[in-house]
Amino acid sequence: MSVVQNIINIVSAESDKNGGRRVLEVNLEIGNLSGIEYGSLDFALKHLAPGSVIESAEISIEKPEGLARCNNCGNEFALNDFIGCCNLCNSFDIDIIKGRELRVKSITVE
Amino acid sequence: MCDTCGCGKPGEKALISVPGENRDNNADNHYEHEHEHEHSHPHYHTHGHEHNHDHDHSHEHDHINHEKRTINIETDILYANNLMAERNRGIFEAKDLTVVNLMSSPGSGKTTLLEKTMNELKDKISFAVIEGDQQTMNDSERINRTGVPVVQVNTGSGCHLDAEMINRAVKRLNPDNGSVIMIENVGNLVCPALFDLGESARVVIMSVTEGEDKPVKYPNMFRNASLCLLNKCDLLPWLDYDISKAIEYGHQVNPHLKFIKLSAKTGEGMTEWYKWLESILDKSKLTDSR
């Protein structure tokens, strides 16, 4: 199941619930640790948007920065990679608490 | 289309088959393709600011002033897959199934490992296998020769298995209650990691011919696994492979990742792998016997 097809399905369902009004904006939240390749997403959106409910919509993507918490000392620190060690105690035992978002936040309709 | 790598065709459905059946007569299974979309001009931007679009389409412009309305959706994009994965978990719980998702790059030895495991344990444990590949029944036919029930999922141009495919495959397999289902995912260290299948555990297989730094190159995959099988250890005398480095890289990405060194070819280390399998089987039985 493709990510873009899922976006279209989610937007379509919401648009149907609201009288089928034209979708003007789609606001996505895709964190930099979500595992999604932004370039491939752009490519897929370009190919799947035409003819769909999002064809005339402006797509904006909020890209939350990664944030991790160290399980060893409790320190929270910014993370741009899946690998990271705590910048205080150097432990690799970390939990990613922000940056894995992969959501349709909202849409704007006519 | 897979948005991590752009593969796959929209609307294409995976093919599920069993070794020995005539696939042409299988009415349930056919690749479905969406019709080609007419390419209108896509108004698509990734910037945050507003644009005034110049429409050069032939439709009439509405001159009535509509008020724009923002609708909060806050829905996870992989919601549909995750929902199906939870439905799968429901089926697995009802039938007391332990489900293992085996992932690796192509050629690491997943199928050989499975063949050997089936042949050695099938009299002790009730197994069933779901094989995932883009094309061919080759892997399912190899498992079929061990006598263990198997279905083949062919994804066509897709590069990963997803929860919907597993849902259909398990229904086709119709395994005995209390079985262990081994899912051999499509050979790929990237996309399968994104798709929850409803499994009890994820196992990643890495062979010693692949380079010690695989875990840091593909962190998402290794972060989400509970066990890493280091395969083809019989080849170590001919390689410059540093096992401790591989384990160190693995633990940088996932400090809780367990490693087992083995060779599916010679049998070295397989006992530890069997013990691990038996331990997760017991674990799922423990939670059910409250």
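Conventions adopted
- Residues numbered from 1 in each chain as written.
- Chains lettered and ligands numbered in written order.
- Predicted model: local features only at pLDDT ≥ 70, side-chain atom pairs only at ≥ 80, totals over all residues.
- Heavy atoms only, no water.
- Helix = DSSP H or I, 4+ residues; strand = E, 2+ residues; numbered from the N terminus.
- Buried < 20%, exposed > 50% of the residue type's maximum accessible area, 1.4 Å probe, protein only.
- Areas by Shrake-Rupley, 256 points an atom, 1.4 Å probe, with all protein chains shown as cover.
- Lys, Arg positive; Asp, Glu negative; His and termini not counted.
- Charge placed at Lys NZ, Arg CZ, Asp CG, Glu CD.
- Pairing = 2+ DSSP bridges.
- Axes fitted to C-alpha atoms, helices over the stretch in contact; angles between N-to-C directions.
- Polar contact = N/O pair within 3.5 Å; in protein donor to acceptor, adjacent residues only side chain to side chain.
- Phe/Tyr/Trp six-rings, centres within 6.5 Å; stacked < 30°, edge-to-face > 60°.
- Lys NZ or Arg CZ within 6 Å of the ring centre and 35° of its normal.
- Core = buried A, V, L, I, M, F, W, Y, C linked by side-chain atoms within 4.5 Å.
- Contact = heavy atoms within 4.5 Å.
- Parallel < 35°, antiparallel > 145°, perpendicular 65-115°, else oblique.
- Left-handed = near helix turned anticlockwise from the far one by under 90°.
- Nonpolar A, V, L, I, M, F, W, Y, C, P; charged D, E, K, R; others polar.

Draft legend 1. Structural view of the overall build of chain A. Helix and strand counts for chain A come out as two helices and six strands. When the elements of chain A are put in sequence order from the N terminus, they spell out α-β-α-β-β-β-β-β. With the C-alpha coordinates aligned to their principal axes, the bounding extent of chain A is approximately 55 × 25 × 20 Å. Counting only residues that meet the buried cut, chain A has 55% of its 110 residues in that class. Per element, the accessible surface of chain A, about 4500 Å² overall, is 44% carbon and sulfur. Each charge class in chain A was averaged separately, 10 positive and 16 negative side chains, and the resulting centres sit 4 Å apart.

Draft legend 2. Highlighting the sheet that holds strand β3 (residues 66-70) of chain A. Residues and elements named next belong to chain A. Reading across from one edge, β4-β3-β5 is the order of the three strands in this open sheet, with antiparallel pairing throughout. Here the strands that pair on one side only, and so sit at the sheet edges, are β4 (76-79) and β5 (94-98). Ignoring which end each strand starts from, the neighbouring axes of this sheet average 35° apart. Pairing of β3 with β5, which is carried by four bridges, proceeds in the antiparallel orientation. Bridge assignment links Leu 67 to a residue of β5, and that residue is Lys 98.

Draft legend 3. Geometry of the sheet that holds strand β8 (residues 227-231) of chain B. Residues and elements named next belong to chain B. A sheet is described by the order of its strands in space; here eight strands give the open sequence β1-β5-β4-β6-β3-β7-β8-β9, paired in mixed fashion. Sheet topology places β1 (15-17) and β9 (258-261) at the edges, where each strand pairs with a single neighbour. For this sheet the average axis-to-axis angle between neighbouring strands, irrespective of direction, equals 20°. Sheet topology note: the β8/β9 ladder contains four bridges and is parallel. When the bridges of β9 are listed, Leu 227 appears paired with Lys 258.

Draft legend 4. The arrangement of the side chain of B:Thr155 in detail. Residue and element names in this part refer to chain B. One can find Thr 155 in the loop between β5 (150-154) and α4 (163-173). Judged by relative accessible area, which is 5%, Thr 155 ranks as buried. Here Gly 158 takes part through its backbone oxygen, which lies 2.7 Å from a polar atom of the side chain of Thr 155.

Draft legend 5. Spotlight on the packing of aromatic side chains. Residues and elements named next belong to chain B. Inspection of every chain in the model, using the stated rule, returns one aromatic pair over all chains. Ring geometry for Trp 273 against Trp 276: centres 6.0 Å apart, planes inclined by 15°, an arrangement best described as stacked. Taken as a pair, Trp 273 and Trp 276 lie in helix α8 (residues 270-288) at a separation of three residues, close to a single helical turn. Its relative accessible area of 0% is what places Trp 273 among the buried residues. Of the residues examined, Trp 276 reaches a relative accessible area of 11% and is grouped as buried. The ring of Tyr 249 has Lys 245 lying over it, and the distance from NZ or CZ to the ring centre is 5.1 Å.

Draft legend 6. The arrangement of the nonpolar core in detail. Judged by nonpolar contacts, the single largest core of 31 residues is most densely connected at A:Val26, A:Leu28, A:Ile30, A:Ile54, A:Val104 and A:Ile107. Of all the elements in the fold, those that place two or more residues in this core are α1 (3-17), β1 (23-30), α2 (38-48), β2 (58-62) and β6 (102-109) of chain A together with β2 (69-76) of chain B. In terms of residue count, the dominant contributor to this core is α1(A) (six residues). Leave out the neighbours within four places in its chain, and A:Leu28 touches A:Ile7, A:Ile59, A:Ser60, A:Ile61, A:Glu62, A:Arg103, A:Val104, A:Lys105 and B:Ile77. Counting residues in hydrophobic clusters, the runner-up holds 29 residues, among them B:Ile125, B:Val203, B:Trp276 and B:Leu277.

Draft legend 7. Seen up close, α4(B). Residue and element names in this part refer to chain B. Buried residues of α4: Ala 163, Met 165, Ile 166, Asn 167, Ala 169, Val 170 and Leu 173, and no others. Buried-residue contacts for α4 involve β1, α1 (79-94), β4 (127-133), β5 and β6 (180-184). For α4, the N-terminal cap is Asp 162; the gap from its side-chain oxygen to the backbone nitrogen of Glu 164 is 3.1 Å. Phi turns positive, to about 50°, at Asn 174, one or two residues after α4.

Draft legend 8. Summary view of the packing of α1(B) against α4(B). Residue and element names in this part refer to chain B. Put simply, α1 and α4 touch, their axes get as near as 8 Å, and they point 25° apart. It follows that α1 is roughly parallel to α4 by the angle criterion. α4 is crossed by α1, and the crossing has left-handed handedness. Of the residues in α4, those touching α1 at Asn 81, Met 84, Ala 85, Asn 88, Ile 91 and Phe 92 are Ala 163, Glu 164, Ile 166, Asn 167, Val 170 and Lys 171. Looking at the contact of α1 with α4 residue by residue, the class counts come to seven nonpolar, three polar and two charged.

Draft legend 9. Layout of unusual backbone geometry. All names here are of chain B. Backbone geometry at Asp 96 places phi at a positive 55°, although glycine is not the residue there. With respect to the secondary-structure elements, Asp 96 resides in the loop between α1 and β3 (98-104). Relative accessible area serves as the criterion here: at 23%, Asp 96 is assigned to the partly exposed category. The phi angle at Thr 136 is positive, at roughly 75°, despite the residue not being glycine. Along the chain, Thr 136 falls in the loop between β4 and α3 (138-144). Classification of Thr 136 as partly exposed rests on a relative accessible area of 38%.

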